[in-house]
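Secondary and tertiary structure notes
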Amino acid sequence: MGQAGQQRSKQKKICNKKTVKVKKTGEKKTPKLRKNIQPGQVLILLASKFRGRRVVFLKQLESGLLLVTGPYSLNGVPLKRVNQRYCIATSAKVNLGGADFKSISDTYFAREKAKKGAQTQEKFFATEAPKKVLPQEKKDGQKKLDEVIVKGLAEDMKSYLKSRFSLSARTFPHEMKF
Amino acid sequence: MPGGHVGYQGSSLKINPSVRNKGTQIAPTGHGTDPVRLFVKGVFMAYKGGKKNQVNHTQLIKLQDVNSKEATQFYLGKRLAYIYKAQKPNKEGSRFRVIWGKVTRSHGNSGVVRAKFKKNLPPKALGKKVRCMLYPSSI
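Residues numbered from 1 in each chain as written. Chains lettered and ligands numbered in written order. Predicted model: local features only at pLDDT ≥ 70, side-chain atom pairs only at ≥ 80, totals over all residues. Heavy atoms only, no water.

Chain B goes by 60S ribosomal protein L35a-2 in an unreviewed UniProt entry, where it is assigned to Durusdinium trenchii. The record held by UniProt for chain B lists under Sequence similarities (unreviewed entry) the comment "Belongs to the eukaryotic ribosomal protein eL33 family." (UniProt positions renumbered as here; feature names shortened; annotations may be inferred.)

An unreviewed UniProt entry lists chain A under the name 60S ribosomal protein L6, with Durusdinium trenchii given as the organism. Per UniProt, the comment on chain A under Sequence similarities (unreviewed entry) is "Belongs to the eukaryotic ribosomal protein eL6 family."

Moving on, we get to unusual backbone geometry. The omega torsion of the bond from A:Gly70 to A:Pro71 falls at 0°, within 30 degrees of zero and hence cis. Secondary-structure assignment places A:Pro71 in the loop between strand 3 (66-69) and helix 2 (72-75). Omega for the bond connecting B:Tyr135 with B:Pro136 falls within 30 degrees of zero, at -5°, which places this linkage in the cis form. You can see B:Pro136 is positioned in the segment after strand 6 (129-133). Even without being glycine, A:Ser48 reaches a positive phi, approximately 75°. Counting through the fold element by element, A:Ser48 comes out in the loop between strand 1 (41-45) and strand 2 (54-60). Residue class for A:Ser48 comes out partly exposed when judged on its relative accessible area of 28%. (Helix = DSSP H or I, 4+ residues; strand = E, 2+ residues; numbered from the N terminus. Buried < 20%, exposed > 50% of the residue type's maximum accessible area, 1.4 Å probe, protein only.)

All names here are of chain B. Summarising the sheet, strand 3 (residues 79-85) and strand 4 (residues 96-107) pair through 7 bridges and their orientation is antiparallel. Bridged to Tyr84 within strand 4 is Arg97. The pairing of strand 3 with strand 6 spans 2 bridges and is antiparallel. Across the sheet, Leu80 pairs through a bridge with Cys132, a residue of strand 6. (Pairing = 2+ DSSP bridges.)

A separate point is the sheet that holds strand 1 of chain A. All names here are of chain A. One open sheet accounts for 5 strands, arranged 4-3-2-1-5; its pairing is antiparallel. Whereas interior strands pair on both sides, the edge strands pair on one side only; in this sheet they are strand 4 (80-82) and strand 5 (87-93). Taking each pair of neighbouring strands and ignoring which way they run, the sheet shows an average axis angle of 45°. Note: strand 3 against strand 4, 3 bridges, orientation antiparallel. In the sheet register, Leu67 faces strand 4, and the bridge partner there is Arg81. (Axes fitted to C-alpha atoms, helices over the stretch in contact; angles between N-to-C directions.)

The next point concerns the interface of chain B and chain A. At the junction of the two partners, chain B supplies 28 residues and chain A supplies 30 residues. Between chain B and chain A, roughly 2400 Å² of surface is buried when both sides are summed, and carbon and sulfur atoms account for 58% of that area. On the surface where chain B and chain A come into contact, there are 0 salt bridges. Classifying every residue of the side of chain B that touches chain A by side-chain character gives 14 nonpolar, 9 polar and 5 charged. (Contact = heavy atoms within 4.5 Å. Buried area = accessible area lost by both parts, 1.4 Å probe. Salt bridge = Lys/Arg side-chain N within 4 Å of Asp/Glu carboxyl O. Nonpolar A, V, L, I, M, F, W, Y, C, P; charged D, E, K, R; others polar.)

As a further point, take the confidence of the model for chain B. Residues and elements named next belong to chain B. Mean pLDDT over chain B works out to 81, with 76% of the residues at or above the 70 mark. Of all secondary-structure elements in chain B, the lowest mean pLDDT belongs to helix 1 (residues 17-20), at 38, while strand 5 (residues 112-117) reaches the highest, 96. Low pLDDT, under 50, characterises residues 9-32; the stretch is placed with 39 contacts to residues that sit more than four places away or in other chains. Prediction confidence for the complex, expressed as pTM and ipTM, is 0.73 and 0.71 respectively. (pLDDT = per-residue confidence, 0-100.)

What follows is the structure, encoded as structure tokens:
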């Protein structure tokens with residue numbers, strides 16, 4: 001009462017304080033994972049180069065994207081990040097058999113930063129960008145991971161993962177049970 | 001945008017149909033290249049409106065074999081693509097262009113659906129096919 005603006009803002013409230021959570025800017029929550037997506041679940045990719053492919057879900061990354069693998073030897077899908085919204089969860093589940101993917105996080109997929117300052121004349125005028133080849137260690141890591149998973153797969157599950165999902169003339173997604 | 005590329009192709013590599021015939025087709029990868037359809041076919045029936053009025057910003061789409069209001073529940077929020085061909089190819093060499101949209105709500109009792117596109121569909125699209133993608137998926 002009768003306080004100047006600045007003073008008032010410095011005053012402490014002497015009453016039952018409800019602790020208010022101060023939201024830190026940039027603090028993000030990991031988006032909720034759909035209930036029917038469990039590790040080892042088979043998902044159908046709906047978009048991207050690998051649309052229609054059935055893949056194995058490994059874990060949800062911090063960014064909320066799902067870590068997924070073909071396995072590569074079965075259907076050519078490598079370790080990949082997929083948005084939940086762009087896959088359908090099937091009721092099929094695969095035993096991951098202790099495959100080790102704990103070390104893989106969003107940083108595994110980060111783009112390699114081009115070294116600055118190496119702008120020589122040739123590079124500047126180069127018409128073809130240097131081919132982006134997956135480093136051998138990543139390829140080996142993929143192989144190691146997949147081996148464990150593929151070992152535990154029954155034959156029919158293998159062929160299931162090899163096949164692609166497609167809608168046909170008499171199939172309607174709103175009536176399908178995945 | 002994940003949905004940016006439109007392809008109803010078998011091979012993992014998108015081939016521009018007009019390029020295919022020239023024999024510069026890229027060899028498809030060995031992991032199964034049969035055509036996959038991951039969208040529901042639909043038709044752009046009409047713009048929203050009554051006898052005297054036409055509301056151009058909302059389109060009515062009839063999705064194949066969706067014949068009741070309950071059935072449309074699945075499709076709400078799904079992305080729609082109106083694909084058409086143009087004369088000039090784009091950077092990637094494709095002559096196909098897309099107008100993206102979304103299913104917004106159902107319309108009536110018989111499975112027709114209302115949609116809004118990023119840009120209103122042109123009247124030449126009336127009666128033409130529209131693709132209803134299966135994403136964003138909630139199953």
